Amino acid sequence: MGVVRPMKSSLLCALALVLASTACGERPVTKKGDVTPADVIAGAAQSLDHFESAEGKFAVDFPPAWKGNYTGIPHADTTYGSRFILDFRFKPDPAWKIEPHTLLVIRIFTPDAWAKAAARPGPEIGVKLKERGNDVFVLSLAGSNPYQAGTPAATLFDEMMLAVMNDAVPLRLTPR
């Protein structure tokens, strides 16, 4: 097995700041971004990958590096008092013959459950992205890259994680 590269909590904090400043947006009717004609002319237009969660009643727009490289698995969850989780897993090339692993998860808490979870001692469990009504949407990132260093899977996993943390528009969550 390769070297485990843990994600520092400072990266999580940096992600929170970036997401807090970019997580707003209108509900798109179809798959479209907030691209203006000026963006197209300047060559700055990005094609975001749009994911709708009917169960969680939210949508996520991922950076282009994510397109075709993940699956979303929704299910009930009670971790730290949450009520729902959407597990976004890496989708490796079938020729690599490796198992998919979690890239990130979005959990939904009630405001009271989130207040308790956020106040508990120990490492942070995630970053609050949005709050709407009785729903608090919390993002948690994979703690490390599970794939052997130097492999195509490890490279793509890292690229996807860095895109979420470093792109000008890392990801956007829109409650529905």
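No experiment lies behind these values; they were computed from the predicted model shown.

Cut-off values and rules
- Residues numbered from 1 in each chain as written.
- Predicted model: local features only at pLDDT ≥ 70, side-chain atom pairs only at ≥ 80, totals over all residues.
- Heavy atoms only, no water.
- Helix = DSSP H or I, 4+ residues; strand = E, 2+ residues; numbered from the N terminus.
- Polar contact = N/O pair within 3.5 Å; in protein donor to acceptor, adjacent residues only side chain to side chain.
- Contact = heavy atoms within 4.5 Å.
- Expected span 1.5 Å × (residues − 1).
- Buried < 20%, exposed > 50% of the residue type's maximum accessible area, 1.4 Å probe, protein only.
- Salt bridge = Lys/Arg side-chain N within 4 Å of Asp/Glu carboxyl O.

Peer 1: Where do I start with the side chain of D87 in this structure?
Peer 2: Its place among the elements puts D87 in strand 4 (residues 84–90). Among the polar contacts made by the side chain of D87, one reaches the side chain of T102 at a distance of 2.8 Å. The residues contacting D87, other than those within four sequence positions of it, are T71, G72, I73, H75, T102, L104 and V105.

Peer 1: Would you explain helix 4 (residues 152–166) in this entry?
Peer 2: For an α-helix the count is 3.6 residues per turn, leaving residues at separations of three or four pointing the same way. Between the first and last C-alpha of helix 4 there are 20 Å, a value that for 15 residues agrees with the 21 Å anticipated at 1.5 Å per step. Taken as a whole, helix 4 has its buried residues at A153, A154, L156, F157, M160, M161, A163, V164 and M165.

Peer 1: I'm lost on the pattern of salt bridges in this one. Help?
Peer 2: Pairing is possible between side chains that carry opposite charge, provided their charged atoms lie close to one another. Taken as a whole, this structure holds eight salt bridges when the rule is applied. The closest approach of N and O atoms between E52 and R176, which form a salt bridge, is 3.1 Å. Taken together, the residues span a long stretch of sequence, with E52 in strand 1 (residues 49–53) and R176 in the segment after strand 8 (172–175) at a distance of 124 residues. A salt bridge links D135 to R132, with the nearest nitrogen and oxygen atoms 3.2 Å apart. Overall, the relative accessible area of 28% leaves R132 in the partly exposed class. One salt-bridge network, held together by shared partners, links R83, R132 and D135.

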